[in-house]
Amino acid sequence: DISDAEWEDMLEGFDERSYLSARRWKPGDDPYTLYAFNQRESERIPSNRALRDTRHYRCTTLRYDSDLPPTSIIVTFHNEARSTLLRTIRSVLNRTPVHLIHEIILVDDFSEDGLIRSRVRGADAARAGVLTFLDSHCEVNKDWLPPLLQRIKQDPTRVVSPVIDIINMDTFAYVAASADLRGGFDWSLHFKWEQLSPEQRARRTDPTQPIKTPIIAGGLFVIDRSWFNHLGKYDTAMDIWGGENFEISFRVWQCGGSLEILPCSRVGHVFRKKHPYIFPEGNANTYIKNTRRTAEVWMDDFRLFYYSARPAARGKSYGDIQGRVDLRKKLKCKSFKWYLDNVYPELK
């Protein structure tokens, strides 16, 4: 185990300037070309900048167990700006009790392997009992990790996410997101943030309470490692990026787990307009292939609503799903009707 002082020494010995000098923005170049966000601004901001604590003030009064399980933090990246990646890592080291970090695993997806398979490679290498997945353009905020680990310690079938604050892709300003949101979607399997209904808000007597969510946004969550493995990790026949959050969300709920957003955990994320991946099949076709696999394995006859909302998906190939169908049987997972009745009755 590494002490705080030893971390400090290691970071002191790290030559940040030479690390950041590679592929720097050059005056005259478009600062958006390489990474789809303002690279010039990212490089102007220090790697250890201070952030405003965006939590509800009542979060600061909560107490967590002293023996929380340490976690392996897995950061997958593909063609990422060094300034952004470094700020992600530094924010973790600066704002996380060091005894809760078993290791930080960086998976450089220099191939076109894609986010999904890279995450599984990271998870397979991890040694802690709990996995934390982060994107490579994040900044974690104050006390972000203990609330997440506490929920998993109490019930390892929970899969928990922070509230995702917004890091502006142009100015890199850190902006608080609403804590009254949860993940939702329409029949075309298009993700959207949804306001909690007035009834749901009325039931929330305490603003620090977890929010049950039908679906997670995808990139940032914490899961017990043996539960992740037991549930079948990810569908690694999905390509690159996109739609994998539907598959893992349906699978968690239908196979005996639950999904939560924790208002007292805040992580900022750079939301971009496009992705730096090259999609061999084109972005839309990759998304259709991945969501078709999800619909065919998990949605039963309700997949017909998906096809009528996304007619372009009909007739597109989606590969062999037998392994995932068998997994669903083996885990004795519930029907999609159960999911609609119990988890997402708002989807009419």
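Residues numbered from 1 in each chain as written. Predicted model: local features only at pLDDT ≥ 70, side-chain atom pairs only at ≥ 80, totals over all residues. Heavy atoms only, no water.

1. Describing the overall build of the protein
Point 1. In terms of helices and strands, the protein carries 13 helices and eleven strands.
Point 2. Its C-alpha radius of gyration of 20 Å places the protein within 12% of the 20 Å reference for a compact globule of 348 residues.
Point 3. With the C-alpha coordinates aligned to their principal axes, the bounding extent of the protein is approximately 55 × 50 × 40 Å.
Point 4. The 348 residues of the protein split such that 55% are buried.
Point 5. Once local pairs closer than 6 in sequence are excluded, the contacts in the protein between residues at least 24 apart make up 80%.
Point 6. Distance between charge centres in the protein, computed from 51 positive and 47 negative side chains, equals 4 Å. (Helix = DSSP H or I, 4+ residues; strand = E, 2+ residues; numbered from the N terminus. Rg over C-alpha atoms; globule rule 2.2 N^0.38 Å. Buried < 20%, exposed > 50% of the residue type's maximum accessible area, 1.4 Å probe, protein only. Contact = heavy atoms within 4.5 Å. Lys, Arg positive; Asp, Glu negative; His and termini not counted. Charge placed at Lys NZ, Arg CZ, Asp CG, Glu CD.)

2. Topic: the UniProt feature "domain: Glycosyltransferase 2-like" (unreviewed entry) in the protein
Point 1. Mapped onto the present numbering, the UniProt feature "domain: Glycosyltransferase 2-like" (unreviewed entry) falls at residues 114–231.
Point 2. Helix makes up 28% of residues 114–231 and strand makes up 31%, while its end C-alpha atoms are separated by 21 Å. (UniProt positions renumbered as here; feature names shortened; annotations may be inferred.)

3. Quick notes on the environment of Gln-150
Point 1. With respect to the helices and strands, the residue Gln-150 is situated in helix H6 (residues 145–154).
Point 2. Accessibility expressed as a relative area gives 9% for Gln-150, which makes it buried.
Point 3. In this view, Gln-150 contacts Tyr-64, Asp-65 and Leu-68; residues no more than four positions away in its chain are not counted.

4. Details of the packing of aromatic side chains
Point 1. Across all of its chains, the model carries 19 aromatic pairs by this definition.
Point 2. With a centroid separation of 5.0 Å and an interplanar angle of 55°, the aromatic rings of Phe-185 and Tyr-344 are classed as tilted. Here Phe-185, found in strand E7 (residues 181–185), pairs with Tyr-344, found in the segment after helix H13 (336–342); they are 159 residues apart in sequence, far enough to count as distant. Taken individually, Phe-185 and Tyr-344 each receive the classification buried, so the pair is uniform in this respect.
Point 3. Note on Phe-246 and Phe-250: the rings are 6.2 Å apart at their centroids and 65° apart in plane angle, and the pair reads as edge-to-face. With a gap of four residues between them, Phe-246 and Phe-250 both fall in helix H9 (residues 244–254), about one helical turn apart.
Point 4. Residue classification places Phe-250 among the buried positions, given a relative accessible area of 0%.
Point 5. Three or more aromatic residues joined by ring pairs make a cluster, and in this case those are Phe-185, Trp-187, Phe-246, Phe-250, Phe-302, Phe-305, Phe-336, Tyr-339 and Tyr-344.
Point 6. Across the ring face of Trp-338, the terminal group of Lys-334 is positioned such that the distance to the ring centre comes to 4.5 Å. (Phe/Tyr/Trp six-rings, centres within 6.5 Å; stacked < 30°, edge-to-face > 60°. Lys NZ or Arg CZ within 6 Å of the ring centre and 35° of its normal.)

5. Describing the pairing of strand E8 (residues 191–195)
Point 1. Where E7 lies against E8, five bridges are found, and the strand directions are antiparallel. Residue pairing across strands places Gly-183 opposite Trp-193, the latter belonging to E8.
Point 2. In this antiparallel pair of consecutive strands, E7 and E8, the connection spans five residues, and Leu-189 shows a positive phi of 55°. (Pairing = 2+ DSSP bridges.)

6. A look at the nonpolar core
Point 1. Ranked by internal contacts, the top residues of the largest apolar core, which has 50 residues, are Phe-185, Phe-250 and Tyr-339.
Point 2. With residues near it in sequence (within four places) discarded, Tyr-339 still touches Phe-185, Pro-214, Phe-250, Trp-253, Gln-254 and Tyr-344. (Core = buried A, V, L, I, M, F, W, Y, C linked by side-chain atoms within 4.5 Å.)

7. Some thoughts on the state of the cysteines
Point 1. Tallied over the full model, the rule gives two disulfides.
Point 2. Disulfide pairing is shown between Cys-255 and Cys-333; the S-S distance is 2.1 Å. Every disulfide takes its handedness from the sign of the S-S torsion; for Cys-255 and Cys-333 that torsion is 105°, giving right-handed. On the criterion of sequence distance, the pair formed by Cys-255 in the loop between H9 and strand E11 (258–270) and Cys-333 in the loop between helix H12 (322–330) and H13 is long-range, its members being 78 residues apart.
Point 3. The connectivity of the disulfide bonds within the protein can be written as 1-3, 2-4, using the sequence rank of each bonded cysteine.
Point 4. The closest cysteine sulfur to the non-disulfide-bonded Cys-138 is located on Cys-264, 19 Å from its own sulfur. (Disulfide = S-S within 2.5 Å.)

8. A look at the pattern of salt bridges
Point 1. Within this structure, the stated rule accounts for 26 salt bridges.
Point 2. In this structure, Asp-235 engages Arg-293 in a salt bridge whose closest nitrogen and oxygen atoms are separated by 2.8 Å. Of the two residues, Asp-235 is situated in the loop between helix H8 (225–230) and H9 and Arg-293 in helix H10 (residues 283–298); the sequence distance between them amounts to 58 residues.
Point 3. According to the relative accessible area criterion, Arg-293 is buried, its value standing at 2%.
Point 4. Among the ionic pairs, Asp-300 bridges to Arg-328, the shortest N-O distance being 2.9 Å. Taken together, the residues Asp-300 in the loop between H10 and helix H11 (303–309) and Arg-328 in helix H12 connect sequence positions 28 residues apart.
Point 5. What makes Asp-300 partly exposed here is its relative accessible area of 25%.
Point 6. Looking at Arg-328, the relative accessible area reads 13%, which means it is buried.
Point 7. Several salt bridges converge on common partners, so that one network encompasses Arg-151, Arg-158, Lys-212 and Glu-260. (Salt bridge = Lys/Arg side-chain N within 4 Å of Asp/Glu carboxyl O.)

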